[in-house]
Amino acid sequence: MMEKVQLYCVPGLSASPKIFENLDLPEDRIDIHFLEWKIPLSLEETIEHYAERMCRDIHHKNPILLGVSFGGVMVQEMAKVIDTKKIILVSSIKSRHELPNRLRVIRNTKAYKLFPTHVAENLEEYMKYFFGNFLKKKAELYRMYLPVRNPEYLKWAIYQVLHWKQDSHMDNILHIHGTNDPVFPHKYIQSFTPVVDGKHEIILTKAKYISKIITDDLISYKS
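Reading guide: rules and limits
- Residues numbered from 1 in each chain as written.
- Predicted model: local features only at pLDDT ≥ 70, side-chain atom pairs only at ≥ 80, totals over all residues.
- Heavy atoms only, no water.
- Phe/Tyr/Trp six-rings, centres within 6.5 Å; stacked < 30°, edge-to-face > 60°.
- Helix = DSSP H or I, 4+ residues; strand = E, 2+ residues; numbered from the N terminus.
- Buried < 20%, exposed > 50% of the residue type's maximum accessible area, 1.4 Å probe, protein only.
- Salt bridge = Lys/Arg side-chain N within 4 Å of Asp/Glu carboxyl O.
- Contact = heavy atoms within 4.5 Å.
- Pairing = 2+ DSSP bridges.
- Axes fitted to C-alpha atoms, helices over the stretch in contact; angles between N-to-C directions.
- Parallel < 35°, antiparallel > 145°, perpendicular 65-115°, else oblique.
- Nonpolar A, V, L, I, M, F, W, Y, C, P; charged D, E, K, R; others polar.

**Student:** Explain the packing of aromatic side chains to me, please; I cannot follow it from the model alone.
**Tutor:** Aromatic ring pairs are reported here in terms of the distance separating the ring centres and the angle at which the planes meet. The full count for this structure, using the stated rule, is six aromatic pairs. Their ring planes at 20° and their centres at 5.8 Å tell us that Phe-20 and Phe-34 sit as a pair that is stacked. Here Phe-34 lies in strand 2 (residues 30-34) and Phe-20 lies in the loop between strand 1 (5-10) and strand 2, a separation of 14 residues in the sequence. Taking the relative accessible area as the measure of exposure, Phe-34 reaches 40% and is therefore partly exposed. Taken together, the ring pairs in this structure connect Trp-37, Tyr-50, Phe-70, Tyr-153 and Trp-156 into an aromatic cluster.

Shown next, in the form of structure tokens:
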């Protein structure tokens, strides 16, 4: 019997593993494990040290790591701590050079310090201010899938993604990216597997297509 692939998944910024609930991967070939965000020890904790702590929850040798958005940044840092067979990125970036100009301006002007983390921390209190069915539905989605609202975590994570220092792409990466991603526009992204018309939340809205890409890639992968 062929040995199963051990796949560890890290969600996006503030997100829970619920964002992976629509993935449909073959259970007889792939064992999937979900990692959750930790609260940083302090705002000064380095991303390298944080990645080391995340790796303590990995219990298999040479796993494959999958990360969404900021989770994609994190799995690349984790791959510098432990040996991995492969890295899969969804709606993420492979180096600081893929950060869009808009986010570079936010970084350079330090506008990120104005982010109202208290809004995210107490989202339910602000839901009554969302008018219209569309915004109400959006707020409910945020409540369901973005439960990590600790202000220190949010400030730390936003700083880390804006100031990520990785200069070049790592080897053996499968990068899946939507062509209408407003957070990380695809025009800044080099060498990726496109999801046509996909936005930043393709892990939810295009899960069936992403599942096929991942399954085909992992099953054909030669260890």
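**Student:** How do you make sense of the pattern of salt bridges when you look at a structure like this?
**Tutor:** The tally for this structure, following the rule as stated, stands at nine salt bridges. Residues Lys-18 and Glu-21 are paired through a salt bridge, measuring 3.4 Å at the closest nitrogen-oxygen approach. Here Lys-18 falls in the partly exposed class, since its relative accessible area comes to 36%. For Glu-21, a relative accessible area of 42% gives the class partly exposed. In this structure, Lys-86 and Asp-217 form a salt bridge, with 3.5 Å as the shortest nitrogen-oxygen distance. Highlighted residues: Lys-86 in strand 4 (residues 86-90) and Asp-217 in helix 9 (residues 207-220), separated in sequence by 131 residues. Classification of Lys-86 by relative accessible area gives buried; the value is 8%.

**Student:** What's the story with helix 1 (residues 47-55) in this structure? I'm lost.
**Tutor:** It helps to recall that an α-helix has 3.6 residues per turn; residues three or four apart then point in one direction. Looking only at helix 1, the buried set comprises Ile-47, Tyr-50, Ala-51, Arg-53, Met-54 and Cys-55. Where helix 1 is buried, its residues meet strand 1, helix 2 (70-78) and helix 7 (151-162).

**Student:** I keep staring at the pairing of strand 5 (residues 173-178) and nothing clicks. Help me out?
**Tutor:** In terms of burial, strand 5 is a largely internal element, five of the six residues being buried. Bridge analysis of strand 4 against strand 5 gives four bridges, and the strand direction is parallel. By the bridge assignment, Leu-89 is partnered in strand 5 with His-175. Bridge count between strand 5 and strand 6 (residues 193-195): three bridges; the pairing is parallel. Residue pairing in the sheet places Gly-178 in a bridge with Val-195 of strand 6.

**Student:** Looking at this model, I keep getting lost on the pairing of strand 1. Mind explaining?
**Tutor:** Regular strands place side chains that alternate from one sheet face to the opposite one. The element strand 1 is extensively covered by neighbouring structure, given that six of its six residues are classed as buried. Side-chain alternation along strand 1 places Val-5, Leu-7 and Cys-9 on one buried face and Gln-6, Tyr-8 and Val-10 on a second face that is also buried. Of the strand pairs in this sheet, strand 1 and strand 2 are connected by five bridges, and their pairing is parallel. Of the residues in strand 2, the one forming a bridge with Gln-6 is Asp-31. Bridge analysis of strand 1 against strand 3 (residues 64-68) gives four bridges, and the strand direction is parallel. Paired with Cys-9 across the strands is Leu-66, a residue of strand 3.

**Student:** Just checking my understanding: could you explain the packing of helix 1 against helix 2 for this structure?
**Tutor:** Helix packing geometry: the angle between the two helix axes and the distance between the axes. Their axes nearest at 9 Å, the elements helix 1 and helix 2 cross at an angle of 85°. By the angle class used here, helix 1 and helix 2 are roughly perpendicular. Packed against helix 1, whose contacting residues are Ile-47, Glu-48, Tyr-50, Ala-51, Met-54 and Cys-55, the element helix 2 presents Phe-70, Val-73, Met-74, Glu-77 and Met-78 at the interface. Looking at the contact of helix 1 with helix 2, its residues break down into nine nonpolar, no polar and two charged.

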